[in-house]
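What follows is the residue order along each chain.
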Amino acid sequence: MSASSKLLVLNAGSSSLKFKVFGVQPFAAGIGGMFDRIGDAINCTLKASAPADLDGGKGRKWEIKIPAKDHVEAMQRILDFIKGNVSSAFAREVVAVGHRVVHGLEISQPVLLTDKTIGKIREAAVLAPLHNPPGLQGIDAAEKVFKGVPQVAVFDTAFHQTMPSQAFMYGLPYELYEKHKIRRYGFHGTSHKYLVEQAAGMLGKPVSETNVITCHLGNGSSIAAIRGGLCIDTTMGMTPLEGLLMGTRCGDLDPAAVLFIQKQLNLSVQDTDTLLNKKSGLLGLTGSNDLRAVIEGAQRGEPRAELGLAMFVYRVQKYIGAYWAALGGKVDAVVFSAGIGENSSVIRGLVIGPLKGMGLELDVAANDATVGGRCGDIAAPTSRCRLLVIPTDEELCIAEQTLQVVGFQNLTGATAA
Ligand code: ADP
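Criteria and thresholds
- Residues numbered from 1 in each chain as written.
- Predicted model: local features only at pLDDT ≥ 70, side-chain atom pairs only at ≥ 80, totals over all residues.
- Heavy atoms only, no water.
- UniProt positions renumbered as here; feature names shortened; annotations may be inferred.
- Helix = DSSP H or I, 4+ residues; strand = E, 2+ residues; numbered from the N terminus.
- Rg over C-alpha atoms; globule rule 2.2 N^0.38 Å.
- Buried < 20%, exposed > 50% of the residue type's maximum accessible area, 1.4 Å probe, protein only.
- Contact = heavy atoms within 4.5 Å.
- Areas by Shrake-Rupley, 256 points an atom, 1.4 Å probe, with all protein chains shown as cover.
- Lys, Arg positive; Asp, Glu negative; His and termini not counted.
- Charge placed at Lys NZ, Arg CZ, Asp CG, Glu CD.
- Domains from an automatic or database assignment.
- Buried area = accessible area lost by both parts, 1.4 Å probe.
- Salt bridge = Lys/Arg side-chain N within 4 Å of Asp/Glu carboxyl O.
- Polar contact = N/O pair within 3.5 Å; in protein donor to acceptor, adjacent residues only side chain to side chain.
- Nonpolar A, V, L, I, M, F, W, Y, C, P; charged D, E, K, R; others polar.
- Phe/Tyr/Trp six-rings, centres within 6.5 Å; stacked < 30°, edge-to-face > 60°.
- Pairing = 2+ DSSP bridges.
- Axes fitted to C-alpha atoms, helices over the stretch in contact; angles between N-to-C directions.

- The name given to the chain in an unreviewed UniProt entry is Probable acetate kinase, with the source organism recorded as Volvox reticuliferus.
- What UniProt states about the chain under its Pathway (unreviewed entry) heading is, verbatim, "Metabolic intermediate biosynthesis; acetyl-CoA biosynthesis; acetyl-CoA from acetate: step 1/2."

1. Quick look at the overall build of the chain
- Across its full length, the chain holds 16 helices and 14 strands.
- Taken over the C-alpha trace, the chain has a radius of gyration of 22 Å; the compact-globule value for 417 residues is 22 Å, and the two agree within 12%.
- Seen along its three principal axes, the alpha-carbon backbone of the chain occupies a region of about 60 × 55 × 45 Å.
- Buried positions account for 51% of the 417 residues belonging to the chain.
- Sequence-distant contacts in the chain: of pairs separated by 6 or more residues, those separated by 24 or more amount to 62%.
- Of the roughly 18,500 Å² of accessible surface on the chain, 53% is carried by carbon and sulfur atoms.
- The average position of the 41 basic charges and that of the 39 acidic charges among the side chains of the chain differ by 1 Å.

2. Digging into the domain arrangement of the chain
- When cut into domains, the chain gives domain 1 (6-155) and domain 2 (205-394).
- Computed over C-alpha atoms only, the centres of domain 1 and domain 2 are separated by 29 Å.
- With both chains or domains summed, domain 1 and domain 2 bury close to 430 Å², and 54% of this area falls on carbon and sulfur atoms.
- Counting the surface domain 1 buries against domain 2, the share from its top three residues, Leu 127, Leu 130 and His 131, is 69%.
- The interface formed by domain 1 and domain 2 contains 0 salt bridges.
- At the boundary of domain 1 and domain 2, one finds 1 residue pair in polar contact (both at pLDDT 80 or more).
- The residue makeup of the side of domain 1 that touches domain 2, split by class, is 2 nonpolar, 2 polar and no charged.

3. Notes on the environment of Thr 117
- Relative to the helices and strands, Thr 117 is located in helix 3 (residues 115-124).
- Relative accessible area serves as the criterion here: at 16%, Thr 117 is assigned to the buried category.
- A sequence separation of 13 residues divides Thr 117 from Gly 104, and the C-alpha atoms of the two residues are 9.7 Å apart.
- Here Thr 117 is in contact with Val 111 and Leu 112, once residues within four sequence places are set aside.

4. Observations regarding the packing of aromatic side chains
- Evaluated as defined, the whole model comprises 6 aromatic pairs.
- A ring pair is formed by Phe 22 and Phe 27, whose centres lie 5.5 Å apart and whose planes are at 10°; its orientation type is stacked.
- For Phe 27, a relative accessible area of 31% translates into the label partly exposed.
- Seen from their ring centres, Phe 90 and Phe 146 are 6.5 Å apart, and the 85° between their planes marks the pair as edge-to-face.

5. Quick word on unusual backbone geometry
- Of note, the bond from Gln 25 into Pro 26 is cis; its omega dihedral lies within 30 degrees of zero at 0°.
- Note that Pro 26 resides in the loop between strand 2 (17-23) and strand 3 (28-36).
- We note that Leu 105 has phi near 50°; this positive angle belongs to a residue other than glycine.
- With respect to the helices, strands and loops of the structure, Leu 105 is situated in the loop between strand 6 (94-101) and strand 7 (111-112).
- The exposure class assigned to Leu 105 is buried, which follows from its relative accessible area of 7%.
- In this structure, Ala 338 is a non-glycine residue whose phi angle is positive, near 70°.

6. Re the sheet that holds strand 11 (residues 230-234)
- As summarised here, the arrangement of the 6 strands in space is 11-10-9-12-14-13, forming an open sheet in which the pairing is mixed. In this open sheet, the two edge strands, each paired with only one partner strand, are strand 11 and strand 13 (376-377).
- With 2 bridges connecting them, strand 13 and strand 14 (residues 386-389) associate as antiparallel partners. Within the sheet, the bridge partner assigned to Asp 377 lies in strand 14 and is Leu 388.
- Of the strands in this sheet, strand 9 (212-217), strand 10 (221-227), strand 11, strand 12 (333-337), strand 13 and strand 14 touch helix 7 (residues 189-203), which is tilted by about 130° from strand 9.

7. Notes on the pairing of strand 4 (residues 45-50)
- Pairing of strand 3 with strand 4, which is carried by 5 bridges, proceeds in the antiparallel orientation. In the sheet register, Phe 35 faces strand 4, and the bridge partner there is Leu 46.

What follows is the structure, encoded as structure tokens:
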């Protein structure tokens, strides 16, 4: 372990590879970015930005078109890029790699990657065929490029493993749970965990005594009910499709509607999956999956945009109400985060405004001012609970958990290719 030791966090998508570098001692975020359109020889792009203190106080941004045929090649290009622009010794400085993995079945903690734990991730891919294979590609890429460096998987599902069975079970024959692990798992767990820890700090309470409703509202959205720092319910289910209305996902839906649609439109399982995950939600209702465009359309009086906006807001309100009840009314704060929650004072106003009867009250000026990555309490002094805006930082949370799993003592002696 030396002052230059680095931790690399990777988040692999089907055709993308996000990365962020952290200094270990002192623990601090460094350069980060994303390889996009992996496999597309013409449009494959590496975008990166370095914080101000890494580049003579100015900060710096890059956008470079470089082909990468797969995740292994993208990883090698990222390594070369960092070596060329930030630290020529980077390959030797990386002492651990942390991976975001979407589905971990019933694994409740981050795990050190071994043949056995990688096997578990492969097993979970049966339930998450769209989400886990990219994570495995990221792991494979890092293994090839950083040989012998300890790697850790941090699961989106892990934080929700404290849900009681009354919240995680579906009303289906019990054998489906026993034999096929059909149950609710929840996602965005790394974000919800980070949000309750930050909220506890802002409230001046120990995490173990903090009760919050965390609203992670982005292109994908979920809400969690958290009692004493532990998740007791969340809106996403066996897959990220359940719950809120999202950019392209339908959220809650009568399963009989799916059967009827399949039959009526003669759709294959794959086509139905695409319809529900990629063509529904705000996109399907309004023509745009970007809530900014939907709000603008509603302001122009376009009926579909008005409907999409009203549905988005209504479902958030409905789940805040449900989780208020799940927490027995003992709620320290409602937390807003992610692209929409952090930036849209309009949505926060529409969600909270009508909840005055529950005692929730916004400070309008604070709400308007807390955008663009700002953190703060936007509740009126008379509000029954705090209303917090907290920018989420999943990479930071993955980095912290990776360090905890690996432990400083195991970090020495690792080498890179
Ligand atoms: P994800 O990580 O799920 O892809 P993000 O958390 O980055 O999504 O959120 C992206 C979404 O945030 C965009 O689709 C956009 O709809 C929404 N968004 C960003 N800024 C605003 C804003 N000012 N008002 C409304 N929506 C916004």
